[in-house]
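Fold and geometry: a report
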Amino acid sequence: MLLSAALAGLLLCLGVSSNASAQEALGVHGTLDDQQEQPVAGVSITVTDTAGTEIATVTTGDDGTWAVPLETEGDYIVSLDESTLPEGLVVRNCKPQLEVHVTSDRAALFPLDTQTDGCTAEEAPGGGTPTDGASDDPTEATSEETEDEAADDAAADEVSEVQGEGGATRAVTLLVSGLHFGLMIALAAVGLSMVFGTTGLTNFAHGDLVTFGGVMALLFNVTLGLPVWVAAIAAVLLGAAFGWAQDWGLWSPLRRRGTGLVSMMIISIGVALLIRNATLFFIGGERLRYSDYVGQTPWDFGWLVVTPKEVVTGLIALAVCILVGVAMMYTRLGKATRAVADNPSLAASTGIDVNKVVRLVWTMGGALAAMSGVFLSISDGVKFDMGQHLLLLVFAAVVLGGLGTAFGAFVGAMLIGVFVQLSTLVVAPELKYVGALAVLIIIMLTRPQGILGRRERIG
Amino acid sequence: MDWQFVFSQALTQAIGPTMLVYALGAIGLNLQFGYTGLLNFGQAAFAAMGAYGLALGVVAWGLPFWWAVVIGLGAACVMALLLGIPTLRLRADYLAIVTIAAAEIVRRLARATVWADTTGGSDGMRGFSEPFFALIPWDRESTWTLLFVSMDSGRLAVDFGIFELQYSYRDTWIMVVGWALVLFFTGIMALLIHSPWGRVLKGIREDEEAVRSLGKNVFAFKMQALVLGGIIGAVAGFLFALSRANVQPDTFTTDFTFYFYVVLILGGAARIFGPVLGAALFWFLYNILSQGLSQAIRADVIPPSVLDSTQVGPLVFLLLGLGMVLLLIFRPQGLIGNKKELLFDVR
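Just so we're clear, the structure is a prediction, and the values are computed from it rather than from any experiment.

Rules of the game
Residues numbered from 1 in each chain as written. Chains lettered and ligands numbered in written order. Predicted model: local features only at pLDDT ≥ 70, side-chain atom pairs only at ≥ 80, totals over all residues. Heavy atoms only, no water. Helix = DSSP H or I, 4+ residues; strand = E, 2+ residues; numbered from the N terminus. Buried < 20%, exposed > 50% of the residue type's maximum accessible area, 1.4 Å probe, protein only. Contact = heavy atoms within 4.5 Å. Areas by Shrake-Rupley, 256 points an atom, 1.4 Å probe, with all protein chains shown as cover. Salt bridge = Lys/Arg side-chain N within 4 Å of Asp/Glu carboxyl O. pLDDT = per-residue confidence, 0-100. Pairing = 2+ DSSP bridges. Axes fitted to C-alpha atoms, helices over the stretch in contact; angles between N-to-C directions. Patch = residues over 30% accessible without salt bridge, like charges linked within 9 Å, V, L, I, M, F, W, Y side chains within 5 Å. Expected span 1.5 Å × (residues − 1). Core = buried A, V, L, I, M, F, W, Y, C linked by side-chain atoms within 4.5 Å. Parallel < 35°, antiparallel > 145°, perpendicular 65-115°, else oblique. Left-handed = near helix turned anticlockwise from the far one by under 90°. Nonpolar A, V, L, I, M, F, W, Y, C, P; charged D, E, K, R; others polar. Phe/Tyr/Trp six-rings, centres within 6.5 Å; stacked < 30°, edge-to-face > 60°. Lys NZ or Arg CZ within 6 Å of the ring centre and 35° of its normal. Polar contact = N/O pair within 3.5 Å; in protein donor to acceptor, adjacent residues only side chain to side chain.

1. What about the overall build of chain A?
- A count of helical and extended segments in chain A gives 14 helices and eleven strands.
- The burial tally for chain A puts 61% of its 459 residues in the buried class.
- The contacts in chain A between residues at least 6 apart in sequence include a share of 71% that link residues at least 24 apart.
- On chain A, roughly 17,600 Å² of surface is accessible, and the fraction owed to carbon and sulfur atoms is 63%.

2. So, the pattern of salt bridges
Residues and elements named next belong to chain B.
- Across all of its chains, the model carries 14 salt bridges over all chains by this definition.
- A salt bridge links Arg205 to Glu206, with the nearest nitrogen and oxygen atoms 2.9 Å apart.
- When salt bridges with common partners are traced through the structure, they connect Glu104, Arg107, Arg108, Arg111 and Asp250 into a single cluster.

3. A look at the confidence of the model for chain B
- Confidence in the prediction of chain B, expressed as mean pLDDT, is 88, and 98% of residues score 70 or more.
- For this predicted complex, the interface score ipTM comes out at 0.86, alongside a pTM of 0.76.

4. Quick look at the sheet that holds strand S3 (residues 149-152) of chain B
Residues and elements named next belong to chain B.
- Read from one edge to the other, the open sheet built from four strands follows the order S2-S3-S4-S5, with strand pairing classed as antiparallel. Each edge of the sheet is formed by a strand with only one pairing partner; in this case those strands are strand S2 (144-146) and strand S5 (164-167). Taken pair by pair, the neighbouring strands of this sheet meet at an average axis angle of 15°, ignoring direction.
- As paired elements, S3 and strand S4 (residues 155-159) share four bridges and run antiparallel to each other. Residue pairing for S4: Asp152 is matched across the bridge by Arg155.
- Most of the contacts of helix H8 (residues 169-193) go to S5, to which it runs at about 95°, and overall it touches S3, S4 and S5.

5. A closer look at a nonpolar patch on the surface
Residues and elements named next belong to chain A.
- The grouping of Leu315, Leu318, Ile322, Val326, Met329, Tyr330 and Phe407 at the surface amounts to a nonpolar patch, some 670 Å² of accessible area in total.
- By residue number, the principal contributor to the nonpolar patch is helix H8 (residues 308-330), which donates six residues.
- On the secondary structure map, Val326 appears in helix H8.
- The partly exposed category is assigned to Val326, whose relative accessible area is 42%.

6. Notes on the packing of helix H3 (residues 43-60) of chain B against helix H5 (residues 92-111) of chain B
- In the contact formed by H3 of chain B and H5 of chain B, the axes pass within 9 Å of each other and the chain directions differ by 35°. Contacts from Ala45, Ala48, Met49 and Tyr52 of chain B of H3 of chain B reach H5 of chain B at Ala103, Val106 and Ala110 of chain B.

7. Considerations on helix H13 (residues 274-298) of chain B
All names here are of chain B.
- Compared with the 36 Å implied by 1.5 Å per residue over 25 residues, the 35 Å span of H13 between its first and last C-alpha is a close match.
- Within H13, 19 of the 25 residues are buried, leaving the element largely enclosed by the surrounding structure.
- Trailing H13 by a residue or two, Asp300 shows a phi angle of about 65°, which is positive.

8. Remarks on the nonpolar core
- Ranked by size, the top nonpolar core spans 223 residues in total, and within it Ile266 of chain A together with Phe41 of chain B carry the most contacts.
- Among the elements that take part in this core, helix H11 (residues 218-244) of chain B stands out by supplying 17 residues, more than any other.
- In this view, Ile266 of chain A contacts Phe33, Phe41, Phe258, Tyr261, Ile265, Met324 and Leu328 of chain B; residues no more than four positions away in its chain are not counted.
- Core analysis: the second largest hydrophobic core is formed by 22 residues, Val47, Val58, Val78 and Ala108 of chain A among them.

9. A short note on the pairing of S5 of chain B
All names here are of chain B.
- In terms of strand pairing, S4 meets S5 through four bridges, oriented antiparallel. Looking across to S5, one finds that Leu156 is bridged to Tyr167.
- With antiparallel pairing between neighbouring strands as the criterion, S4 and S5 make up a hairpin whose turn holds four residues, including Gly161 at a positive phi of roughly 85°.

10. Here's the deal with the environment of Glu310 of chain A
Residues and elements named next belong to chain A.
- Mapped onto the elements of the fold, Glu310 is located in helix H8.
- With relative accessibility at 10%, the residue Glu310 sits in the buried group.
- Along the chain, Glu310 and Leu376 lie 66 residues apart, while their C-alpha atoms are 9.3 Å from each other.

11. Comments concerning the packing of helix H14 (residues 432-446) of chain A against H5 of chain B
- The contact between H14 of chain A and H5 of chain B brings their axes to 9 Å, and the two run at 150°. It follows from the interaxial angle that H14 of chain A and H5 of chain B lie roughly antiparallel. Relative to H5 of chain B, the crossing made by H14 of chain A is left-handed. Within the contact between the two elements, H14 of chain A uses Tyr433, Val434, Leu437, Ala438, Leu440, Ile441 and Met444 of chain A and H5 of chain B uses Tyr94, Ile97, Val98, Ala101, Ala102, Glu104, Ile105, Arg108 and Leu109 of chain B.
- For the contact of H14 of chain A with H5 of chain B, the residue count by class is 14 nonpolar, no polar and two charged.

12. Looking at the environment of Ser129 of chain B
All names here are of chain B.
- Tracing the chain through its elements places Ser129 in the loop between strand S1 (125-126) and helix H7 (130-133).
- On a C-alpha basis, the gap between Ser129 and Ala296 in space is 36 Å, while along the polypeptide they are 167 residues apart.
- Every residue in contact with Ser129, bar those within four places of it in the chain, is listed here: Arg170, Leu242 and Ala245.

13. Some points on the packing of aromatic side chains
Residues and elements named next belong to chain B.
- For the structure shown, the criterion picks out 31 aromatic pairs over all chains.
- When the ring of Phe132 is compared with that of Phe133, the centres are 5.3 Å apart and the planes differ by 75°; the resulting orientation is edge-to-face.
- Through successive ring pairs, a cluster of aromatic residues spans Tyr22, Tyr52, Phe240, Phe252, Phe256, Phe258, Tyr259, Phe260, Phe282, Trp283, Tyr286 and Phe317.
- A cation sits over an aromatic face here: Arg170 above Phe133, 4.1 Å from the ring centre.

14. Quick word on the side chain of Thr199 of chain A
Residue and element names in this part refer to chain A.
- Structurally, Thr199 can be placed in helix H4 (residues 167-199).
- Look at Thr199 and you get buried, because its relative accessible area is 15%.
- At 2.7 Å, the side chain of Thr199 and the backbone oxygen of Val195 are in polar contact.
- A distance of 3.3 Å separates the side chain of Thr199 from the backbone nitrogen of Leu201, its partner in a polar contact.
- Beyond its immediate sequence surroundings of up to four residues, Thr199 is in contact with Arg255, Leu261 and Val358.

The following block contains the structure:
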């Protein structure tokens, strides 16, 4: 009995929600359901006219529906009282207030979810088009610390003021932040490119190694209360261990079994999904921050505004990149790595232990990705999908530099980082990734082997 | 805890509208990945092309429904050509990277605020499905009973005694159209694959050079497979948009593509009925896990300290990701696949 009532309710609600624009009467209505499409009852929704006069307040019924009939056509503001939402649910796009233009019976949609899509809550009421409402990218805030971060970051106000001034200062600031961002991409890209070079695997889970670093540092810093720099070192070590363990437990046995590269590529997507959802499971969908360096006062040189944390993390990243490069050039293991990347069979026949080299590459790749994750999180906070969004830029960098080459990855990463940041001079910040990804496709079209790659690699 | 409800829900969904979306998308992917060996990681973008083509056509440009369908299909074709021309001559993993990047471009463009007046930005669009539902041949009031199938004022109910499947007026229509499309494309696929054309595709998957040495234009065959698979992906997009009566950019993420792969590999790649079986099983497993866990939390079988209701989603997807990895390692042929057909490699 109860069952059929529940079912009927569910179906009714689905029916109503898809009926959206069928009626003729004048009014606003809608159906609230959560991310699992279960109706949400008991949420109060208020409709006011543009002058601010309240017209009606209704609560959603058991089937999640609500409706407010209206007398005259015009603009109305529909607001959802977020405090009446069931615990754990929020309006995904952070727009609990909608401005609707009513000429018939209109539907107002509040997408409910357990987390926001990275938007900011304090957009203007009825905020039809927030300037940057679409920013779900963790890196969005690297330089200009978008509106997204403005609330709790003193640096943000400073930089957005500079943005307002425009011109040369802004260009220089964007250039510097682009270089910083490029270094972060480079840290992740070197590992990805070397894994590709030595094993041929395009690892779609590499972005989630970045997230892993950020999350581990969060664990040590926030949960265990250690200073950020200790947590960062611990996270990098754990990242190395994670890379090592992944190769030991998953990829190396798969290579021994002779699993095809295509299967491995799809497995890597599965691993990415696994890590991402495990992160979401444990830390939730919020953007979390470390205990230190959050609202840092930036250095203002007049021609350049930069936060000290950006300078420090950037310099460390640069030093590490140079160190890795030197090691690749001059140490025995580095030479062995390059030999394996060049031709695994030939390398094996000259006595190089290919599996050992691959293990080393995974360990190093894991450590560098974790470092990138920690540094990015120091600037922008940790979010479960930060690595996923970075991954495509890392791919762009690696392809631009030439798949399989460590130095190409570095050059490509710097170019992509600067390009992404400087492109905001011309295009809307929310479209800056689109530009970078378009560059990726254009490179595929014109020079698929990348800047430093060699023709024969691509077959 | 109500096991009957959980099972009924999961069974309802296992042959319901969303499953049909996955089945259609996976049929397209089967042609590209299963038979031709093309790693299309942007099937979500093809679905988005269909869905947005339809929505923009009807809502923004005020075209008749069928013209909007043509626009959606055309957009998918154009996208397949744009992606295919630069990458199909290159190695398989380049196509993978380009398609995954293209899918992300499409999603970000769709949610961009620049033209949000037309596309609705991240809120998406609605109000394009009325012409489709106006086509429903039976009226809202129709009521009949045939054995264990009955229709009660437009709603379809299938009563198996222990389980009862119920579909709303609109869902029933989506299912009629969806199953017709699935059967149509499955039939087309069966005919194509057993034609000389299909044998060339399989040959390309096994050894591109050998096929080229026989004088076949490998590039053209790959392109045809990519376009046709993309069109079927766009059809999946139509069904997806119509079943939800809205389009939202963030439903077309890379994860969406990945679920098509899960469906395909679960059922068995390079098998005619693989996608359909896989979609039914995948969507059944997803629903039984998420419904079961939600019910268990509601009935206090699982205390809230162990798992709260907002964590159910991530946990289910975590289990699906894990299941996918284990499936590919231990049973890469899926339910009905042939292991020999999946040994192809990046060349």
